[in-house]
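# Structural characterization, general
Listed below are the residues making up each chain.
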Amino acid sequence: MSEINVQRRQFLKMSMGVAAVSIAPGIFLFDMAHGKADANKVRWGMLIETANCAEGCNDCVTACNTENGLSGGVSSTDSQWIRKIEIKDISTGRETSLPMMCQHCEHPPCVDVCPTGASFKRADGIVLVDKHLCIGCRYCMMACPYKARSFVHEPLQNQNPDVPRGRGTVESCTMCVHRIDQGQQPACAVACPNKSILFGNLNDPDSEIATRIRTVASAQVRADLGLNPGVRYQGL
Amino acid sequence: MLRLLSILAVLCLCIPAYATESSAIPKLDIGKGGECVKEPQWMRKNHMHLLTHQRDEVVHKGVRDDKISLKNCIECHASTKDDSVIARDDSFCVACHRYEAVKLDCFECHSGERKSAWLKRNSK
C-alpha cells in the first residue's frame, strides 16, 4: 500500500470520528437513548387490576357494545372490541379473569403490515383504523398477537353518530377516542363496577396511572414481543 | 331565407328545453338550513373538500373542528320531519347527489341521523 493511501485512510477515519461525535456543539450524530419518556407528549394507557376483575362480570364488554353500537355477538361474524377471558395456571390452579382488547402498542404490528396506511398510531399512542383508507384485506387481524381486531362482514344501520362503522373495514377498540377527545374516560373504565380499569396518561409522572405503574408490579401481555403495549395488567 | 328559418326553428326548440332544465333543479328538504360556513353556491361546489380535510384532521390528529364536521352539517340540515339527511328522495344529501349521479357512500358508515334524535331513540 502506498504512503498516500495510508494517509488518506487515516484522514477519513479521523474525520468520521469527529463527525460522529458532533456536527455542532450540542448536536450529535449519534446519541445514547435516555430511557425516559417525553413528559410533554401524551400517551394514553390503561392499567387493569386483575385481582378486582370479577369472574363472570361482563360490564366492560356491555358498556363497550352500547357506546360503540356493537351487537354483542348476535351473529357469529359480529365485531368484538373487548372480551373477557379466564386464564388458569395449570401448575398452581390459580384462575384469573381479565378483559382483553387492543393493547395500543407503541410498535403495533398491525400498522407495520397495513398496505394502505389505514392502520395507524395517533400521536397520543392510540392505535386506530382510518376506515376511509381501509380496503378490508385483514392483514392487521392476522398480525395482531392479541386477536383484538374484527372485520365487519354485514352492512350496518343505525350507527352511533360519534362512532362510524361500516361493512368491509376492520375495526377494534379505539380506547373510545371520541370520548377522550372530549375529555372523558373510555366507556369500559367508567362502567367497571370494581374500578379495575384505570385509564390515564402514561407519560405524565403525576398522573394516577403513572404513579401506580411506578409503585406496583404490572406486566404487559406477550412482553417478549417487544411491542410495548399501552395496556398493562396488574396481578397477572 | 330557408336557412334563416331553420335556424329560428332550432332556436325556438332550444328555449323550452332550457326552461325545463332549470325547473328540474332538485327541490330539497334543507332542514333548519341557514348559512354557517359559507354561502350555499360555494358550499354546493366545495363541501366535499371541506369534509375530506376535516375527516383527515379528525381521524389522524384528533382535531375536532365542530363547525365543518359532518355531524354538525347533519345537525342543521337533517329534515325536521324525520331527522335524517338520507331517509327520503328529497332529503338534503340524497336529492342533489341523485340529480348529479354522484355516489353517496359517506352513510355506509356514518349515521345520517341528527345526534339528538339518535340519543333520544337509543336511550330508551
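Just so we're clear, the structure is a prediction, and the values are computed from it rather than from any experiment. (Residues numbered from 1 in each chain as written. Chains lettered and ligands numbered in written order. Predicted model: local features only at pLDDT ≥ 70, side-chain atom pairs only at ≥ 80, totals over all residues.)

### Some thoughts on the overall build of chain A
Definition in use: The secondary structure listing takes helices from DSSP runs of H or I that are at least 4 residues long and strands from runs of E that are at least 2 residues long, numbered from the N terminus. Three exposure classes are used, based on other C-beta atoms lying within 10 Å of a residue's own C-beta, which is placed from the backbone: buried for 20 or more, exposed for 12 or fewer, and partly exposed in between.
Of regular secondary structure, chain A possesses 7 helices and 10 strands. Split into buried and exposed, the 236 residues of chain A put 33% on the buried side.

### Examining the domain arrangement of chain A
Rules: In this document the domain limits rely on a domain assignment from an automatic tool or a database.
Taken as a whole, chain A is organised into domain 1 (1-31) and domain 2 (44-234). Taking only C-alpha atoms into account, the centre of domain 1 of chain A sits 49 Å from that of domain 2 of chain A.

### What about unusual backbone geometry?
Located in the positive-phi region is Arg138(A), a residue other than glycine, with phi close to 70°. Taking the C-beta count within 10 Å as the criterion, Arg138(A) has 15 such neighbours and is therefore assigned partly exposed.

### Looking at the interface of chain A and chain B
Note the following rule: Two residues qualify as a contact pair if the distance between their C-beta atoms, derived from the backbone, is within 7 Å. When residues are sorted by character, Ala, Val, Leu, Ile, Met, Phe, Trp, Tyr, Cys and Pro go into the nonpolar class, Asp, Glu, Lys and Arg into the charged class, and all the rest, Gly among them, into the polar class.
Taken together, the 15 residues of chain A in the interface contact 13 residues of chain B. Within the side of chain A that touches chain B, the residues separate by chemical class into 5 nonpolar, 4 polar and 6 charged.

### As for the environment of Ile25(B)
In this fold, Ile25(B) is placed in the loop between helix H1 (2-23) and helix H2 (40-61). On a C-alpha basis, the gap between Ile25(B) and Ile86(B) in space is 18 Å, while along the polypeptide they are 61 residues apart.

### Brief notes about helix H3 (residues 70-77) of chain B
When we look at burial in H3(B), the residues that qualify are Leu70(B), Cys73(B), Ile74(B), Glu75(B) and His77(B). Where H3(B) is buried, its residues touch H2, helix H4 (92-100) and helix H5 (115-122) of chain B.

### Thoughts on the nonpolar core
Quick reminder of the rule: Linking buried Ala, Val, Leu, Ile, Met, Phe, Trp, Tyr and Cys residues through C-beta atoms within 7 Å yields a set, and such a set is a nonpolar core.
The biggest cluster of nonpolar side chains holds 46 residues, and the ones touching the most others in it are Met46(A), Ile48(A), Cys64(A), Ile82(A), Cys188(A) and Ile197(A). Secondary structure elements with two or more residues in this core: strand S1 (44-49), helix H2 (59-68), strand S3 (95-101), strand S5 (127-129), helix H6 (187-191), strand S8 (197-201), helix H7 (208-215) and strand S10 (231-234) of chain A. In contact with Ile197(A), other than residues within four places in its own chain, are Met46(A), Ile48(A), Cys60(A), Cys188(A), Ala189(A) and Cys192(A). Leu70(B), Val85(B), Phe92(B) and Phe107(B) belong to the second largest nonpolar core, which has 11 residues in total.

### So, the pairing of S8(A)
All names here are of chain A. Put simply, the rule reads: Paired strands, in this sense, are two strands between which DSSP finds at least two bridges.
Burial runs high along S8: 4 of the 5 residues are buried. The sheet contact formed by S1 and S8 spans 5 bridges and is antiparallel. Bridge pairing links Leu-47 to Leu-198 in S8.

### Comments concerning the confidence of the model for chain B
Residues and elements named next belong to chain B. The condition that has to hold: pLDDT measures how confident the predictor is about each residue, on a scale from 0 to 100.
Averaged over chain B, the pLDDT score is 83; the fraction of residues at 70 or greater is 80%. The least confident element of chain B is H1, whose mean pLDDT is 54; the most confident is H4, at 93. Prediction confidence for the complex, expressed as pTM and ipTM, is 0.79 and 0.77 respectively.

### Re the pairing of strand S2 (residues 82-88) of chain A
Residue and element names in this part refer to chain A. Pairing between S2 and S3: 7 bridges, direction antiparallel. Bridge pairing in S3 places Ile-82 opposite Met-101. Counting the residues between successive antiparallel strands, the hairpin from S2 to S3 contains 6 residues, one of them, Gly-93, with a positive phi of roughly 80°.

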